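Structure at a glance
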Amino acid sequence: METIEFVIPTYRDSNKLMGMLYSLVNQTNENWIAHVVSDGSYTDYKEVEQHFCLNNKIKFSTIEGPNNDWGHTARNYGLKNSTAEWVVMTGADNYYMPDFVSEFIKVSDSDPNYNFIFCDMVHNEAHYKHYNLLEASLSEGNIDMGCFATKTKYSKRLKLDVKKYTADWIFAEKYITLYPSRINHINKALYVHN
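Everything numeric in this text was worked out from a predicted model, so none of it was measured.

1. Points about the environment of Glu-49
Tracing the chain through its elements places Glu-49 in helix α2 (residues 45-53). In the structure, Glu-49 is positioned 13 residues away from Val-36 in sequence and 9.1 Å away in space, judged by C-alpha atoms.

2. Quick word on the packing of aromatic side chains
Enumeration according to the criterion identifies 13 aromatic pairs in this entry. Residues Tyr-154 and Tyr-179 carry aromatic rings whose centres are separated by 4.6 Å and whose planes lie at 20° to one another, so their mutual orientation is stacked. Taken as a pair, Tyr-154 in helix α5 (residues 152-158) and Tyr-179 in the loop between α6 (167-178) and β9 (182-193) lie far apart in primary sequence, 25 residues in all. Of the two residues, Tyr-154 and Tyr-179, neither departs from the other in class, the shared state being buried.

3. Digging into the confidence of the model for the chain
Do not read the fine detail of predicted coordinates wherever pLDDT is low. Confidence along the chain averages 85 in pLDDT terms, with 86% of residues attaining 70 or more. Strand β3 (residues 58-63) is the least confidently modelled element of the chain, averaging 71 in pLDDT, while strand β8 (residues 148-151) averages 97, the highest of any element.

What counts and what doesn't
- Residues numbered from 1 in each chain as written.
- Predicted model: local features only at pLDDT ≥ 70, side-chain atom pairs only at ≥ 80, totals over all residues.
- Heavy atoms only, no water.
- Helix = DSSP H or I, 4+ residues; strand = E, 2+ residues; numbered from the N terminus.
- Phe/Tyr/Trp six-rings, centres within 6.5 Å; stacked < 30°, edge-to-face > 60°.
- Buried < 20%, exposed > 50% of the residue type's maximum accessible area, 1.4 Å probe, protein only.
- pLDDT = per-residue confidence, 0-100.

So, in structure tokens, the structure goes:
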């Protein structure tokens, strides 16, 4: 059974980070680790770190910021230090349904040739707290970093090199073009994007 590593950039909002980490601690499948990257320190970050380090699944790293790039520099830093076979690059303000890891590992275990797996999501429309179901697709504006998992070894070769909101799609498009992918779409909303 494989492991999924979550790369989570965070910047000055411990409440959001706590919500994200609790969503991982409550996963029904324990084959995951989290790599939290602090893009700029803040006062209660150490308290969050100590709280979740009681559960040995949480790994913490720190970089100083801010970099003003929507977390992509921090994601690249976390990706560089990732060790699991699969990686999900997400954000501290998002969270996951309890069966996210179970569903993704079930797919990856069903065929070792899969190297890009994505799910549907609940999406916050322009941060107005108006949530809608989004059936994710491999097209610009219809996929988010947090709703797909990729093979870490390939993702490390790519990195996120675009500093704009379409970077998620650009990364996904490059990945599936450069590394001919056996792709699986899980038709379930397993991810909440804020």
